[in-house]
Amino acid sequence: MKQLVINAFGGPEQLQLVEAEHPPLASNQLRLKMHYAGVNPIDAKTRAGLGWGAEAIKDRLPWSPGFEVMGEVLEVGSEVCRFLPGDRAFGLVAGGAYSEELVVNCDDMMPLPDAVADDMAGGLALAGTTAWQGLTDHGCLQAGERVLISAAAGGVGHLAVQLAKDLGATVVALASGDNHDFVKGLGADEVVDYHDDAAVSAIEPVDLFLDLVGGTSGKSLLSQVKPGGRVITVPTITAKEVIAAAGELGLNASGMLKENDHDHLALLADAVAEGRLRVEISKVFDLADGAEAHRQIESGHTRGKLLLRG
Ligand SMILES: NC(=O)c1ccc[n+]([C@@H]2O[C@H](COP(=O)([O-])OP(=O)(O)OC[C@H]3O[C@@H](n4cnc5c(N)ncnc54)[C@H](OP(=O)(O)O)[C@@H]3O)[C@@H](O)[C@H]2O)c1
């Protein structure tokens, strides 16, 4: 079976398509035919040798990226009763989704409702879980509150806009001009171009800021948060500096790391099935074109999600 791997940290060209052995199946695992794997910034950061992801795998190269997958069950381990061969499944995995076939823990996967298309499910688990947990578990967003979402047109942001609206919040979304119609179409109440300093300064104070850019951008937007308001800064690499700056302003700030949660995956799949949530797929790449997909995600200007096709 074909698999994309890196043998060393570096640029997108490090991604090599190789012929890999079919991995053995443990009793609590599923063998999955990958239909779609989501491409996320963490894949590219880890490939480049940055952050906690790279630290975790630096002694385990070659490594295949890919932390979310949708596929068809080919085979089930002897203790697995939730799935049968032929079922459609999606979920979060600990790397390795950039493979035609992969072995995953049954507990990490969710069955997919018929009403959810394969490609939408391929881009849902990681960004959707992050958006949901950032807004609710960490951000404690309540109906009627104002929430500011940066990178609102991106993978996490475009789902966060829709979920926040569904929760009854007033959504203030930051995006460049080309994405304004797109973000308004997702339900944002106010859309502001983050390049326009005057427009950003004029944003009425918000209760919660979901920071999806971090660093200088995250710090510069803290002044738009109400006194004593909440900040969830999602990019892990710059979380410390944003939290420190927020603390100096008396804001309640924290970082987060998304967690695999069946209830959250089910809730997201149901929202898609019921038409309350839409995953925007901006481009699908063949597995062999993974390097091109990484160049695109590293541009920092992807609308919605990128997928690899198995
Ligand atoms: N901690 C966790 O568990 C976790 C989980 C998932 C993701 N993350 C992190 O969260 C971040 C967002 O992930 P993602 O998948 O949504 O990324 P993404 O899809 O690559 O985000 C792309 C979007 O970022 C916007 N953008 C770029 N620079 C901006 C700026 N200065 N101000 C406002 N928007 C800007 C772009 O908007 P325009 O095109 O309109 O310019 C584009 O729509 C990444 O750093 C990722 O690694 C963390």
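Now for a description of the structure that goes with this document. (Residues numbered from 1 in each chain as written. Predicted model: local features only at pLDDT ≥ 70, side-chain atom pairs only at ≥ 80, totals over all residues. Heavy atoms only, no water.)

**Here's the deal with the overall build of the protein chain**
Stated precisely, the cut-off is as follows: Put simply, DSSP H or I for four residues or longer makes a helix, DSSP E for two residues or longer makes a strand, and each gets a number counted from the N terminus. Atoms counted for the radius of gyration: C-alpha only. Globule rule: 2.2 Å times residue count to the power 0.38. Each residue's exposure class comes from its accessible area (1.4 Å probe, protein chains only) as a fraction of the maximum for that residue type: buried when under 20%, exposed when over 50%, partly exposed otherwise. Residues are treated as being in contact if the distance between any of their heavy atoms lies within 4.5 Å. Working definition of accessibility: Shrake-Rupley area with a 1.4 Å probe, residue cover restricted to the visible protein chains.
In terms of helices and strands, the protein chain carries 11 helices and 15 strands. A globule of 310 residues ought to have a C-alpha radius of gyration of about 19 Å, and the protein chain, at 19 Å, matches this closely. Expressed as lengths along the three principal axes of its C-alpha atoms, the size of the protein chain is roughly 55 × 40 × 30 Å. Looking at the protein chain as a whole, 52% of its 310 residues qualify as buried. Taking the intrachain contacts of the protein chain between residues at least 6 apart in sequence as the baseline, contacts between residues at least 24 apart amount to 67%. As displayed, the protein chain offers around 12800 Å² of accessible surface, 49% of which is attributable to carbon and sulfur atoms.

**Let's talk about the nonpolar core**
Taken as a class, soluble globular proteins show a tendency for nonpolar side chains to be buried jointly. Operational definition: Only buried residues count toward a nonpolar core. Its members are Ala, Val, Leu, Ile, Met, Phe, Trp, Tyr and Cys residues joined through side-chain atoms within 4.5 Å. Segmentation of the chain into domains, including their bounds, is taken from an automatic or database domain assignment.
Residues Phe 90, Ile 149 and Val 183 are the most contacted members of the largest nonpolar core, which totals 78 residues. Formed jointly, this core draws a minimum of three residues from each of two domains, domain 1 (2-124 + 279-309) and domain 2 (128-255). Contact partners of Ile 149, with chain neighbours within four places excluded, come to Gly 157, Ala 160, Val 161, Ala 164, Val 171, Val 172, Ala 173, Leu 174, Leu 210 and Leu 212.

**Description of the sheet that holds strand β9 (residues 170-174)**
Strands in a sheet are paired, the pairing made by backbone hydrogen bonds, and the direction either parallel or antiparallel. Let me state the cut-off plainly: Paired strands are those between which DSSP finds at least two bridges. Note on geometry: axes are C-alpha line fits, over the in-contact stretch for helices, and angles between N-to-C directions span 0 to 180 degrees.
The strand order β10-β9-β8-β11-β12-β13 describes an open sheet built from six strands, whose pairing is parallel. Among the strands making up the open sheet, the edge pair consists of β10 (190-192) and β13 (252-255). Along the sheet, successive strands turn relative to each other by an average axial angle of 15°, direction set aside. Pairing between strand β11 (residues 206-211) and strand β12 (residues 225-233): five bridges, direction parallel. Along β12, the bridge assignment pairs Asp 211 with Thr 233.

**Regarding the pairing of strand β8 (residues 146-149)**
Here is the rule we go by: Here, the term right-handed applies to a crossover whose path from the first strand over the helix to the second runs clockwise when the strands point away from the viewer.
Residues of β8 alternate between two faces, with Arg 146 and Leu 148 on one and Val 147 and Ile 149 on the opposite face, all of them buried. Relative to β9, β8 is paired through four bridges, and the arrangement is parallel. Opposite Arg 146, over in β9, you have Thr 170 as the bridge partner. Crossover handedness for the path β8 to helix α5 (residues 155-166) to β9: right-handed. Pairing of β8 with β11 involves three bridges; the strand directions are parallel. By the bridge assignment, Val 147 is partnered in β11 with Leu 208.

**Describing the site of the ligand**
The test is simple: Whether a residue is near a molecule or strand is decided by its heavy atoms; if any one of them lies within 4 Å of it, the residue is near. Polar contacts here mean pairs of N or O atoms no more than 3.5 Å apart (in protein, one a potential hydrogen donor and the other a potential acceptor; neighbouring residues in sequence count only if both atoms are side-chain atoms). Each residue receives one of three labels: charged for Asp, Glu, Lys and Arg, nonpolar for Ala, Val, Leu, Ile, Met, Phe, Trp, Tyr, Cys and Pro, and polar for the others, Gly being one of them.
Around the ligand, the surrounding shell holds 25 residues, and the nearest of these are Lys 45, Gly 155, Ser 176, Asn 179 and Tyr 194. One of the backbone nitrogen or oxygen atoms of Gly 300 is found 3.3 Å away from an oxygen atom of the ligand. Calculation on the ligand without its partners gives an accessible area of 940 Å², and the protein chains cover 88% of this total. Where the shell around the ligand is concerned, the elements lending two or more residues are α1 (41-48), α4 (125-138) and α5. In terms of residue class, the shell around the ligand is built from 14 nonpolar, nine polar and two charged.

**Points about the packing of aromatic side chains**
The cut-off we apply is this: When two rings of Phe, Tyr or Trp (its six-membered ring) have centres within 6.5 Å they constitute a pair, described as stacked for plane angles under 30 degrees, edge-to-face for angles over 60, and tilted for the intermediate range.
Applying the stated rule across the entire model yields one aromatic pair. Look at Trp 63 and Phe 67: their rings are 6.0 Å apart centre to centre, the planes differ by 45°, and that puts the pair in the tilted class. Neither residue differs from the other here; Trp 63 and Phe 67 are each classed as buried.

**Considerations on the packing of α4 against helix α10 (residues 262-273)**
What counts is decided by this rule: Should an angle lie under 35 degrees it is considered roughly parallel, over 145 roughly antiparallel, and from 65 to 115 roughly perpendicular; all remaining angles are considered oblique.
Running from N to C, α4 and α10 cross one another at 105°; their axes reach a closest spacing of 10 Å. With respect to each other, α4 and α10 are oriented roughly perpendicular. Residues Ala 125, Gly 128, Thr 129, Trp 132, Gln 133 and Asp 137 of α4 touch α10, and the partners they reach there are His 264, Leu 265, Leu 267 and Leu 268. Among the residues forming the contact of α4 with α10, the class breakdown is five nonpolar, four polar and one charged.

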